[in-house]
Amino acid sequence: MLATDEWRPRRFPIIEPLPVLDFGADLAASVARRPEFALLNIDRQSVQFDRRLASNQLLPDLDLVSEASQDAGIRASSSNDKGQFELIVGLQSEFPIQRRKARGKIIETSAKLAQLQQKVRFQRDKVGIELQTAHNALRIAEQLIEQAEIALAAAVDTLTRYRYAFTRGYADLIYLNLLETKVNETEIKLVDAQRDWFIALSQMQAALGLDPLEQAIKVSQLPPSDRPGPGNLPDPPKPQLE
C-alpha cells in the first residue's frame, strides 16, 4: 500500500533514548517469542517420538488374546446339537530376534537430536548477534541525530548572519545561495538520520520477536517530535551589526 497524504505525518514521532541493554534478558525473551525456536522444538519432539518408537521395538510384545463363540439360530436337528458358549482367554508373547532396524533407528534419531541441538545453539547465537547489531545501530543513529542537529543549528546561524550582512551590502548573492543550499542539505541529512533511527528500531523489534503491526501502531500513536528539522528550524539570535 502507498501512504496517502493524510497518512503522512509532518514530523517524525518522538525519539527517546533507549535504556541500557540487558542482553541476557532480551535474548531469553527473544528465544521465547521467535518462531524459529518453536519450529525447531516441534522437529525435536517429532524425532523424540521416533526414538521412543524405536526403543519400544526392541522390547518383547505381550498381548492378551480372547476369543468367544456361540452357535446361534434355530436348531437344525431334533437332537439340538448346537455347541455351548465357549470363551478362550490367553497370552501371546513375541520377542524380536533381529533388532538391527530398531537399533539403527535409535542411532539415527540420536544423531538428529544432536544436530537439532546444534541448530538451536546456532540460532541462539544468530539472534544474539542481531540484538547487538540492532542496538549498536540505534546508538549510532542517536549520535548521528545529535551531530546533524548541531550541524543544522550552525548552518542556520551562519545563513542568518550572512542574510543580515547581505541586507547591508557586506555579502554577495551567490555565496548566500550556497549557504541556503547548505542548510537544505543539512536538513536532509538530519531527516535521513532520524529515519535511520526508526529503521534501526524496527530491526531491534524484529530481533526481539515483537509483533510488527502492534509495534507500528504504538509508534504511530507517539506524539510528534520537537527536535529540529523541516518546519521546526532552530531560531538563532538576531545578529548585531558589529
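Each remark here, short or long, concerns the structure printed above.
Below is a summary of the structure that appears in this document. Just so we're clear, the structure is a prediction, and the values are computed from it rather than from any experiment.

Definitions and cut-offs
Residues numbered from 1 in each chain as written. Predicted model: local features only at pLDDT ≥ 70, side-chain atom pairs only at ≥ 80, totals over all residues. Heavy atoms only, no water. Salt bridge = Lys/Arg side-chain N within 4 Å of Asp/Glu carboxyl O. Helix = DSSP H or I, 4+ residues; strand = E, 2+ residues; numbered from the N terminus. Buried < 20%, exposed > 50% of the residue type's maximum accessible area, 1.4 Å probe, protein only. 1 Å grid on protein atoms, 1.4 Å probe; cavity = no way out; pocket = protein on both sides within 12 Å on 5 of 7 lines; lining within 4 Å. Points joined across faces, edges and corners; volume = space filled by probe spheres on them. Core = buried A, V, L, I, M, F, W, Y, C linked by side-chain atoms within 4.5 Å. Contact = heavy atoms within 4.5 Å. Axes fitted to C-alpha atoms, helices over the stretch in contact; angles between N-to-C directions. Parallel < 35°, antiparallel > 145°, perpendicular 65-115°, else oblique. Left-handed = near helix turned anticlockwise from the far one by under 90°. Nonpolar A, V, L, I, M, F, W, Y, C, P; charged D, E, K, R; others polar.

1. Thoughts on the pattern of salt bridges
Pairs may arise between side chains of opposite charge once their charged atoms sit close together.
Right, so step 1: Scanning the entire structure with this criterion turns up eleven salt bridges.
Right, so step 2: One salt bridge in this structure joins Arg34 and Glu130, with 2.7 Å as the shortest N-O distance. Taken together, the residues Arg34 in the loop between helix H1 (23-33) and helix H2 (35-57) and Glu130 in helix H3 (residues 100-167) connect sequence positions 96 residues apart.
Right, so step 3: On the accessibility criterion, Arg34 (9% relative accessible area) is buried.
Right, so step 4: Of the residues examined, Glu130 reaches a relative accessible area of 27% and is grouped as partly exposed.
Right, so step 5: Between Glu214 and Lys218 there is a salt bridge, and its shortest N-O distance comes to 3.6 Å. In this pair, Glu214 and Lys218 are both assigned in helix H5 (residues 212-220), four residues apart and thus about one turn of the helix distant.
Right, so step 6: The class of Lys218 is partly exposed, set by a relative accessible area of 45%.
Right, so step 7: Three or more residues are tied together by salt bridges with common partners; here these are Arg34, Glu36 and Glu130.

2. Things to note about the layout of surface pockets
Right, so step 1: Each pocket or cavity is described by its volume, and for the largest pocket that value is around 330 Å³.
Right, so step 2: What lines the largest pocket is a set of 15 residues, and nearest its centre among them are Pro9, Pro13, Ala216, Val219 and Ser220.
Right, so step 3: At the level of elements, helix H4 (173-207) and H5 are the ones that each hand at least two residues to the lining of the largest pocket.
Right, so step 4: Residue contributions to the lining of the largest pocket peak at five residues, all from H5.

3. Comments concerning the nonpolar core
Right, so step 1: Counting residues in each nonpolar core, the largest one holds 27 residues, and the members touching the most others are Leu131 and Trp197.
Right, so step 2: Residue assignment for this core shows that the elements contributing at least two residues are H3 and H4.
Right, so step 3: Among residues more than four places away in sequence, those in contact with Leu131 are Phe23, Asp26, Leu27, Met204, Ala207 and Leu208.

4. What to know about the packing of H1 against H3
Right, so step 1: Between H1 and H3, the least distance of the axes is 10 Å, while the angle of their chain directions is 125°. Comparing the axis directions of H1 and H3 gives the class oblique. Viewed along their axes, H1 and H3 form a crossing whose handedness is right-handed. Packed against H1, whose contacting residues are Phe23, Asp26, Leu27, Ser30 and Val31, the element H3 presents Arg124, Val127, Gly128, Leu131 and Gln132 at the interface.
Right, so step 2: Considering only residue class, the contact of H1 with H3 consists of five nonpolar, three polar and two charged.

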